[in-house]
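Examining the three-dimensional arrangement
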Amino acid sequence: MTAPGDVPPDHLDRLRPVCLGLPETHEEPAWVGLRWRIRTRTFAHAYTVGPDHPAAVARATATEEPLCVLTFRAPGDEIAGLLAAGPPFFAPGWGADVVGMTLDDTTDWTEVAELLTESYCLRAPRKLAARVDRPPG
């Protein structure tokens, strides 16, 4: 398995301000990589997939090379669209509302911020989610 430090620092520099900028969130090491939580609920998880990673993720990302991935929650009406778009999105194989996304040099970080904000709002208590400025549409 990979360790929390295996998430590339430049990815963390992009993810942290978004995730930690949301009300009452915190970052913590997960069993692999890092995760961001609202209270006890994970809304984002970044980690590096290697050859020793679960088969479902390795198949979904179609690589044997180390690759950084992000998993997050998405509303039911958006999951099919994200997955149908194909790469960088994939179904990690757990949780009906969990979507995976590979992170690389072509990542649209504005889209990532929107997806993480939506994921947070799905997991946060209503009063906290109501405090978040969400992108239109």
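What you see is a predicted model; the values in this text were computed from it and never measured. (Residues numbered from 1 in each chain as written. Predicted model: local features only at pLDDT ≥ 70, side-chain atom pairs only at ≥ 80, totals over all residues. Heavy atoms only, no water.)

Among the structural elements, T40 can be located in the loop between β2 (34-38) and β3 (41-49). With 14 residues separating them along the chain, T40 and H26 place their C-alpha atoms 9.6 Å apart. (Helix = DSSP H or I, 4+ residues; strand = E, 2+ residues; numbered from the N terminus.)

In this section: the side chain of S119. Along the chain, S119 turns up in helix α4 (residues 109-123). A residue is classified by how much of its surface remains accessible, and S119, at 0% relative accessible area, is buried. Apart from the residues within four sequence positions on either side, S119 is in contact with F43, F72 and R73. (Buried < 20%, exposed > 50% of the residue type's maximum accessible area, 1.4 Å probe, protein only. Contact = heavy atoms within 4.5 Å.)

What follows deals with the confidence of the model for the chain. For residues with low pLDDT, the predicted coordinates do not support detailed interpretation. Looking at the chain, the pLDDT average stands at 87 and 82% of residues meet or exceed 70. Put simply, helix α2 (residues 55-61) is where the chain has its lowest mean pLDDT, 56, and β2 is where it has its highest, 97. (pLDDT = per-residue confidence, 0-100.)

Across the six residues of strand β6 (residues 98-103), six count as buried, placing the element largely inside the fold. Pairing of strand β4 (residues 67-73) with β6, which is carried by six bridges, proceeds in the antiparallel orientation. Following the sheet pairing, L70 is matched in β6 by M101. Relative to β6, strand β5 (residues 89-90) runs antiparallel, the two being bridged by two bridges. Each bridged residue has a counterpart across the sheet, and for F89 the counterpart in β6 is M101. (Pairing = 2+ DSSP bridges.)

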